[in-house]
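# Observations on chain architecture
Listed below, chain by chain, are the residues.
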Amino acid sequence: DFRRYPESNFCSTPIKIGSLFPIVVLLSLLSTLSESNQVGDGVTIIDATGKYVMPGGIDPHTHLAMEFMGTETIDDFFSGQAAALAGGTTMHIDFVIPVNGNLTAGFEAYVEKAKISAMDYGFHMAITKWDEAVSKDMEVMVKDKGINSFKFFMAYKGSLMINDDLLLEGFKKCKSLGALAMVHAENGDAVFEGQKRMIELGIMGPEGHALSRPPQLEGEATGRAIRLAGFVNTPLYVVHVMSIDAMEEVAKARKSGQKVIGEPVVSGLVLDDTVLWDSDFQTAAKFVMSPPIRAPGHGKALQAALSNGVLQLVGTDHCTFNSTQKSLGIDDFRKIPNGVNGLEERMHLVWDTMVVSGQISVTDFVRMTSTECARIFNIYPRKGAILVGSDADIIILNPNSSFEICSKSHHSRSDTNVYEGRKGKGKVEVTIAGGRVVWENDELKAVPGRGKYVKMRPFNYLFDGIEKADAEYLSSLRAPVIRRTMHVAA
Ligand code: DUC
Ligand code: ZN
Ligand code: ZN
Ligand code: ZN
């Protein structure tokens, strides 16, 4: 029963006032303006009667133009963002992957890749090895480059994975810089062992992917990362919480007052792993991502955890590969590039699954898809709000209109869609990014080069009280002084 866990402290208050106008207000505002002739010629008035006006979605977790598993994601910064805009997301935060462990080289490469951006974006940085240079470069990233979050991979043994000693070093460094530590939490050594088991059993198909990395390995790594972050006393952000096992670790930690953020992704909320047993390779392979999509039941539990404040915001882990790329693993599931789509579908699926079903309010929806992300990554209220001075990233969602997901009409470059054929209620009819209407009447006007890099400052609200807690801990170690008497035999 997840209802017993405490609610997030950062729920709805700012949204009710600033971010989610009932449309009546907007219309009356407009009519006041036009009556007093303050709306000049050339001003577009959009009638949003009966619809919701909200801040544009912010996706905290994407991989565009990423080189991975012997190939590169089919969506780059333009096509991925085109998909995002058509689905009501106006900003995303992508993961910079260092070049041979070098952060600066990685950052520069991503600056180049992102030049074709049609909407605003920010960066997290992945840490894939540890030495003095990496430690120094983290300072440069935080102080000069606008990065305030670093992701550590506890899986992908032999490539991205780092061990506990380096995880501890990384957490300490993040804390000293006021940057948020993030983890991909799966036990990489055990996954490696699980893969060996599958190969020995001759299970080479996509189902082997799920069987080789079960929920307990995600739960173990999540619990370990949480305990290590608690030991260092630094906030932790767990990306793509896919299982009950991992979610319960987040829940326990939050209940005890630890500063842990849990991010489920939309695939984990609405899909289940039965698809991986499909006899057609492509049908199954398109769902391969890590951690894997779980057995039926996990998704519902993650939805409940979201609605009760145990988990805080929804990402996508958008990381797309087309059928040809997925075929790299036709004989061996370990070679199927990991990743699924979601940038275009996230807002619709969360609305349909969570709001239409009555699990969350409209205000909660805005918090989970936009405002909370802006607060965590310290870009609120520039982003995640409709306020004077905020960026004009705004969407209009019609709750009475329907959507249908189809790979023929979606905007990603992938030839498949893991949500193919899904229909639902609630459609983003208008997207305004940076004050420009870019999506209206099912027509996209994404322009490469228009998106701006959003720098993120260190020390968000999660760091409040950390220094005091450290001081208390230290003084508890020092006092009382234990006086010992030594007895020496005569
Ligand atoms: N998982 C994926 O499925 N793709 C990208 C990286 C990751 O951790
Ligand atoms: Zn990951
Ligand atoms: Zn990811
Ligand atoms: Zn279709």
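Further up the page is the structure itself.
Residues numbered from 1 in each chain as written. Chains lettered and ligands numbered in written order. Predicted model: local features only at pLDDT ≥ 70, side-chain atom pairs only at ≥ 80, totals over all residues. Heavy atoms only, no water.

## Here we look at the coordination of the zinc ion (ligand 3)
Listed as protein donors to the zinc ion (ligand 3) are H61 (NE2), H63 (NE2) and D317 (OD); their distances from the metal cover 2.0 to 2.2 Å. All donors to the zinc ion (ligand 3) come from one chain, and their sequence spacing reads H-x1-H-x253-D. The exposure class of H61 is buried, given its relative accessible area of 0%. (Donors = N, O, S within 2.8 Å, 3.2 Å for Na, K, Ca; no water. Buried < 20%, exposed > 50% of the residue type's maximum accessible area, 1.4 Å probe, protein only.)

## Some words on the pattern of salt bridges
Applying the stated criterion to the full structure yields 23 salt bridges. The closest approach of N and O atoms between D120 and K383, which form a salt bridge, is 2.7 Å. Of the two residues, D120 is situated in strand 6 (residues 120-127) and K383 in the loop between helix 16 (362-376) and strand 11 (394-404); the sequence distance between them amounts to 263 residues. Like D120, the residue K383 is buried in the burial classification. Judged by its relative accessible area of 2%, K383 falls in the buried class. Each member of the salt-bridge network shares a partner with another, and the members are D120, R382, K383, D391 and D393. (Salt bridge = Lys/Arg side-chain N within 4 Å of Asp/Glu carboxyl O. Helix = DSSP H or I, 4+ residues; strand = E, 2+ residues; numbered from the N terminus.)

## A few points about the site of ligand 1
Surveying the vicinity of ligand 1 reveals the residues H63, F68, Y156, H184, H240, M289, S290, D317, C319, N338 and G339. Here a nitrogen atom of ligand 1 sits 3.4 Å away from a polar atom, N or O, in the side chain of Y156. The separation between a nitrogen atom of ligand 1 and a polar main-chain atom of S290 is 2.8 Å. Within the complex, the protein chains bury 99% of what would otherwise be the 240 Å² of accessible surface of ligand 1. When the residues that make up the shell around ligand 1 are grouped by side-chain class, the tally is four nonpolar, six polar and one charged. (Near = heavy atom within 4 Å. Polar contact = N/O pair within 3.5 Å; in protein donor to acceptor, adjacent residues only side chain to side chain. Areas by Shrake-Rupley, 256 points an atom, 1.4 Å probe, with all protein chains shown as cover. Nonpolar A, V, L, I, M, F, W, Y, C, P; charged D, E, K, R; others polar.)

## Remarks on the pairing of strand 7 (residues 149-153)
Of all five residues that make up strand 7, five are buried, and the element is covered over most of its length. Burial along strand 7 is two-sided: S149, K151 and F153 facing one way and F150 and F152 facing the other are all buried. In terms of strand pairing, strand 6 meets strand 7 through three bridges, oriented parallel. Residue pairing in the sheet places M125 in a bridge with F150 of strand 7. You can see the chain leave strand 6, run along helix 5 (residues 132-144) and come back into strand 7, and the turn it takes is right-handed. (Pairing = 2+ DSSP bridges. Right-handed = clockwise from strand over helix to strand, strands pointing away.)

## Let's talk about the packing of helix 4 (residues 103-113) against helix 5
Look at helix 4 against helix 5: their axes get within 9 Å of each other, and the N-to-C directions meet at 40°. As summarised for this structure, helix 4 and helix 5 are arranged oblique, according to the angle between their axes. Within the contact between the two elements, helix 4 uses L103, T104 and F107 and helix 5 uses V134, D137, M138 and M141. Residues of the contact of helix 4 with helix 5, tallied by class, amount to five nonpolar, one polar and one charged. (Axes fitted to C-alpha atoms, helices over the stretch in contact; angles between N-to-C directions. Parallel < 35°, antiparallel > 145°, perpendicular 65-115°, else oblique. Contact = heavy atoms within 4.5 Å.)

## Re the nonpolar core
Within the largest apolar cluster, 110 residues are counted, with the highest numbers of intra-cluster contacts made by F150, F152, F171 and V183. Grouped together as the second largest cluster of nonpolar side chains are 19 residues, M91, M182, Y237 and I379 included. (Core = buried A, V, L, I, M, F, W, Y, C linked by side-chain atoms within 4.5 Å.)

## Concerning helix 4
Here helix 4 has its buried residues at L103, G106, F107 and Y110. For helix 4, the buried positions fall inside an angular range of 100° around the axis, keeping them on one side. In this structure, the buried residues of helix 4 make contact with helix 3 (77-86), strand 5 (89-96), strand 6 and helix 5. (Arc of directions from axis to C-beta.)

## Structural notes on unusual backbone geometry
Here the residue pair S290 and P291 is connected by a cis peptide bond, since its omega of -10° sits within 30 degrees of zero. Structurally, the position occupied by P291 is in the loop between helix 12 (281-285) and helix 13 (298-307). Although it is not a glycine, A65 sits at a positive phi angle of roughly 50°. Among the secondary structure elements, A65 is positioned in the loop between strand 2 (57-62) and strand 3 (67-68). Phi at D317 takes a positive value of approximately 60°, unusual for a residue other than glycine. Here D317 shows up in the loop between helix 13 and helix 14 (323-326). Exposure remark for D317: the relative accessible area of 7% places this residue in the buried category.

## Notes on the sheet that holds strand 8 (residues 180-184)
One open sheet holds the seven strands; their spatial order is 2-5-6-7-8-9-10, and the pairing between them is parallel. Two strands in the sheet have a free side with no partner beyond their single neighbour: strand 2 and strand 10 (260-262). Strand-to-strand, the axes of this sheet are offset by a mean angle of 25°, without reference to chain direction. Bridging between strand 8 and strand 9 (residues 236-238) involves three bridges; their strand directions are parallel. Looking at the pairing, V183 lines up with V238 of strand 9. Lying over the sheet, helix 4 contacts strand 5 and strand 6, oriented at roughly 155° with respect to strand 6.

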